[in-house]
Amino acid sequence: MKALVLYHSQEKGNTKKMAEAVAKGMEEAGAEVTLFNTNEGRFDITDFAEYDCAAFGSPDYYSYIAGGLKVFVDDHYIASELQRMPGLRGKTYGLFYSHGGGGKVRGPLQELFKLVGTQVGEPVESNGMPHANVLNRCAEMGRAVVKAAGM
């Protein structure tokens, strides 16, 4: 089982901490995990077909997802809908996000990733630095995504 944790994190690293907790949960459930920070580059959409499940995380940028995640969504739509590339849809996935007090990114995050497949559970939220209970929920979500994918 191969799992992808695709996220965006920069300044404070709050989303990165959450991504690492999700990855830990996925690994505990038996998956081989790839962590990819869109702040460091563009994820090649053709590689997405090799993953069985995924988790996506973003900070709240003015009530919207980070640009690197939006680029992934755009690439996914073009490849899966317009070019009809196989293996890009039908995946189980989880969502997580961090914010500094608004948290309105939740709606766009849930709406934009629907084409990927089936969302597992509710998005995990962190207001500011993720504390132990948030990181535990991230790990639980990671385990649940892998389990739902068939591990």
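Residues numbered from 1 in each chain as written. Predicted model: local features only at pLDDT ≥ 70, side-chain atom pairs only at ≥ 80, totals over all residues. Heavy atoms only, no water.

Q: Mind showing me how you'd approach the overall build of the protein chain here?
A: Broken down by element type, the protein chain carries four helices and six strands. Secondary structure elements of the protein chain, listed N to C terminal, follow the sequence β-α-β-β-α-β-α-β-β-α. Taken over the C-alpha trace, the protein chain has a radius of gyration of 14 Å; the compact-globule value for 151 residues is 15 Å, and the two agree within 12%. The C-alpha extent of the protein chain, read off along each of the three principal axes, is 40 × 35 × 25 Å. Sequence separation of at least 24 residues holds for 78% of the intrachain contacts in the protein chain that already meet a minimum separation of 6. Split by element, the accessible area of the protein chain, about 7200 Å² in all, is 48% carbon and sulfur. Charged side chains of the protein chain number 16 positive and 18 negative; the gap between the two group centres comes to 4 Å. (Helix = DSSP H or I, 4+ residues; strand = E, 2+ residues; numbered from the N terminus. Rg over C-alpha atoms; globule rule 2.2 N^0.38 Å. Contact = heavy atoms within 4.5 Å. Areas by Shrake-Rupley, 256 points an atom, 1.4 Å probe, with all protein chains shown as cover. Lys, Arg positive; Asp, Glu negative; His and termini not counted. Charge placed at Lys NZ, Arg CZ, Asp CG, Glu CD.)

Q: How should I be thinking about the pattern of salt bridges in this particular structure?
A: A side chain of one charge can pair with a side chain of the opposite charge when the charged atoms of the two come close. Across all of its chains, the model carries seven salt bridges by this definition. A salt bridge links Lys2 to Glu50; the nearest nitrogen and oxygen atoms lie 2.8 Å apart. Of this pair, Lys2 sits in strand β1 (residues 2–7) while Glu50 sits in the loop between β2 (32–37) and β3 (53–59), and the two are 48 residues apart along the sequence. You can call Glu50 partly exposed: its relative accessible area is 40%. For Lys70, the salt bridge goes to Asp74, with nearest N and O atoms at 2.5 Å. (Salt bridge = Lys/Arg side-chain N within 4 Å of Asp/Glu carboxyl O. Buried < 20%, exposed > 50% of the residue type's maximum accessible area, 1.4 Å probe, protein only.)

Q: Teacher, can you tell me more about unusual backbone geometry here?
A: Excluding glycine, residues mostly carry a negative phi; peptide bonds, for their part, are mostly trans. Despite not being glycine, Ser63 has its phi angle at roughly 70°, a positive value. Among the secondary structure elements, Ser63 is positioned in the loop between β3 and α2 (67–82). Accessibility expressed as a relative area gives 32% for Ser63, which makes it partly exposed. Here Arg84, not a glycine, exhibits a phi torsion of approximately 55°, which is positive. By secondary structure assignment, the location of Arg84 is in the loop between α2 and β4 (91–99).

Q: Sorry if this is basic, but what is going on with the packing of aromatic side chains here?
A: For any pair of aromatic rings, the description rests on two quantities: the centre-to-centre distance and the angle between the ring planes. The tally for this structure, following the rule as stated, stands at nine aromatic pairs. Between Phe48 and Phe56, the ring centres sit 6.3 Å apart and the planes meet at 50°, which makes this aromatic pair tilted. Relative accessible area serves as the criterion here: at 0%, Phe48 is assigned to the buried category. Ring plane angle 25° and centroid distance 4.3 Å describe the contact between Phe56 and Phe113, whose orientation is recorded as stacked. Of this pair, Phe56 sits in strand β3 while Phe113 sits in the loop between α3 (106–112) and β5 (117–119), and the two are 57 residues apart along the sequence. The burial state of Phe56 is the same as that of Phe113; both residues are buried. Following the ring pairs from residue to residue traces out a cluster consisting of Phe36, Phe43, Phe48, Tyr51, Phe56, Phe72, Tyr93 and Phe113. A cation over an aromatic ring shows up here: Lys2 above the ring of Tyr51, its NZ or CZ 5.2 Å from the ring centre. (Phe/Tyr/Trp six-rings, centres within 6.5 Å; stacked < 30°, edge-to-face > 60°. Lys NZ or Arg CZ within 6 Å of the ring centre and 35° of its normal.)

Q: Where do I start with the packing of helix α1 (residues 14–28) against helix α4 (residues 132–148) in this structure?
A: Helices that pack against each other are described as a pair by the angle of their axes relative to one another and the distance between those axes. At a minimum axis distance of 7 Å, the contact between α1 and α4 shows a crossing angle of 45°. Our classification of the angle between α1 and α4 gives oblique. Read as a crossing pair, α1 and α4 show a hand that is right-handed. Contacts between α1 and α4 involve Lys17, Met18, Ala21, Val22, Gly25, Met26 and Glu28 from the first element and Val134, Leu135, Cys138, Ala139, Met141, Gly142, Arg143, Val145 and Val146 from the second. (Axes fitted to C-alpha atoms, helices over the stretch in contact; angles between N-to-C directions. Parallel < 35°, antiparallel > 145°, perpendicular 65-115°, else oblique. Left-handed = near helix turned anticlockwise from the far one by under 90°.)

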